[in-house]
Amino acid sequence: KVTAGDGGAIAFRATPLLDSLDAHLKLGQNISFLGYGVKKGGSLSLTGRHVRIGGDAASAQAAQAQGDLALTADQLASGGFASRSVTALGNLTVAQGTQLTPTAENWLLSDTASQQASGRMGRVATPTLLPLASTQLPTRSTAASLSLRASGLGLPGEQLGVLTVERGASIQMDTGANVTLAAD
């Protein structure tokens, strides 16, 4: 019997020491996160000191050199997650010209999936963007949600908790999706 499951959860969080921004989350180059599910994609939660999404390679390297979290638009758009949350302990910037288009791909099982005793999911399923509503498929895609938050940590005397979407950047979501932009 094949039982459809969710994609699970992945969370990485930089935790500051005391009342400071001394927290770093640095991801390696070409890193990707996968949260595909048959029934529903998983959740991805990332928290860094300051966060920069998109922009050129030089900007990303400069951000990482300062201890900030730099993400590409593709890292937030792909991987099968139904829910994506990015939090900056300080400020969050979506760089100029960045196009965020998160979708929730699901595993689409092959006709032979129920005949496999065990093994890699990629042998019996393919990541597929399913229609949001389908009468022909046993499953349907869930519209992806995206949350971008600049928390600011409430540190006195610093300009923190600023969420900036620079000129020409856009966030495009499927019908029924939730987008949360928050600055505390």
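So, here is what we can say about the structure in this document.

Thresholds, definitions, all that
Residues numbered from 1 in each chain as written. Predicted model: local features only at pLDDT ≥ 70, side-chain atom pairs only at ≥ 80, totals over all residues. Heavy atoms only, no water. Helix = DSSP H or I, 4+ residues; strand = E, 2+ residues; numbered from the N terminus. Buried < 20%, exposed > 50% of the residue type's maximum accessible area, 1.4 Å probe, protein only. Contact = heavy atoms within 4.5 Å. Areas by Shrake-Rupley, 256 points an atom, 1.4 Å probe, with all protein chains shown as cover. Lys, Arg positive; Asp, Glu negative; His and termini not counted. Charge placed at Lys NZ, Arg CZ, Asp CG, Glu CD. Pairing = 2+ DSSP bridges. Axes fitted to C-alpha atoms, helices over the stretch in contact; angles between N-to-C directions. Phe/Tyr/Trp six-rings, centres within 6.5 Å; stacked < 30°, edge-to-face > 60°. Core = buried A, V, L, I, M, F, W, Y, C linked by side-chain atoms within 4.5 Å. Salt bridge = Lys/Arg side-chain N within 4 Å of Asp/Glu carboxyl O. Polar contact = N/O pair within 3.5 Å; in protein donor to acceptor, adjacent residues only side chain to side chain.

With that settled, consider the overall build of the chain. In terms of helices and strands, the chain carries two helices and 13 strands. In terms of principal-axis extent, the alpha carbons of the chain reach across some 60 × 30 × 30 Å. For the chain, the residues scored as buried account for 39% of the 184 residues in total. For the chain, long-range pairs separated by at least 24 residues make up 71% of all intrachain contacts whose partners lie at least 6 apart in sequence. Accessible surface computed for the chain: about 10,100 Å², of which carbon and sulfur atoms make up 48%. Across the chain, the mean location of the 13 positive side-chain charges is 8 Å away from that of the 12 negative side-chain charges.

For the rest of this paragraph, the subject is the sheet that holds strand β4 (residues 69-71). The parallel open sheet is built from four strands, whose spatial order is β4-β3-β6-β11. Each end of this open sheet is capped by a strand with a single partner; those strands are β4 and β11 (163-165). Within this sheet the neighbouring strands show an average axis-to-axis angle of 10°, counted without direction. Looking at chain direction, strand β3 (residues 51-53) and strand β6 (residues 92-94) are connected through three bridges and run parallel. Across the sheet, Arg52 pairs through a bridge with Thr93, a residue of β6.

Overall, the coordinates contain two aromatic pairs when judged by the stated rule. Relative to Phe33, the ring of Phe12 lies with its centre 5.7 Å away and its plane at 45°, an arrangement referred to as tilted. In this pair, Phe12 sits in strand β1 (residues 9-13) while Phe33 sits in the loop between β1 and β2 (43-48), placing the two residues 21 residues apart along the sequence. Accessibility expressed as a relative area gives 36% for Phe12, which makes it partly exposed. A relative accessible area of 8% places Phe33 in the buried class. Aromatic pair Tyr36 and Trp107: ring centres 5.2 Å apart, planes at 55°, arrangement tilted. Of this pair, Tyr36 sits in the loop between β1 and β2 while Trp107 sits in strand β8 (residues 106-109), and the two are 71 residues apart along the sequence.

The next subject is the sheet that holds β2. Spatial strand order, β1-β2-β5-β10-β13: five strands in an open sheet with parallel pairing. Bordering the open sheet on either side are β1 and β13 (179-183), each of which pairs with just one other strand. Here the average twist between neighbouring strands, direction ignored, is 5°. Here five bridges tie strand β10 (residues 145-150) to β13, and the two strands are oriented parallel to one another. Its bridge partner being in β13, Arg149 is matched across the sheet by Ala182.

This part is about the nonpolar core. Val51, Ile53, Leu71, Leu92, Leu100 and Leu148 are the most contacted members of the largest nonpolar core, which has 26 residues in total. Of all the elements in the fold, those that place two or more residues in this core are β2, β3, β4, α2 (73-77), β5 (83-88), β6 and β10. Ranked by the residues each element gives to this core, the list is headed by β10, at three residues. Setting aside its immediate chain neighbours within four residues, Leu148 contacts Ile53, Val86, Leu92, Val94, Leu100, Leu163, Ile171, Thr180, Leu181 and Ala182.

Here Arg84 shows up in strand β5. It turns out Arg84 is buried and unbridged, and the closest side chain with the opposite charge, Glu105, is 7.2 Å from it. Looking at Arg84, its side chain comes within polar contact range of the main-chain oxygen of Thr103, at 2.8 Å. Sequence-distant contacts of Arg84, defined by excluding residues within four places in its chain, comprise Leu44, Leu76, Ala77, Ser78, Pro102, Thr103, Ala144, Ser145, Leu146 and Ser147.

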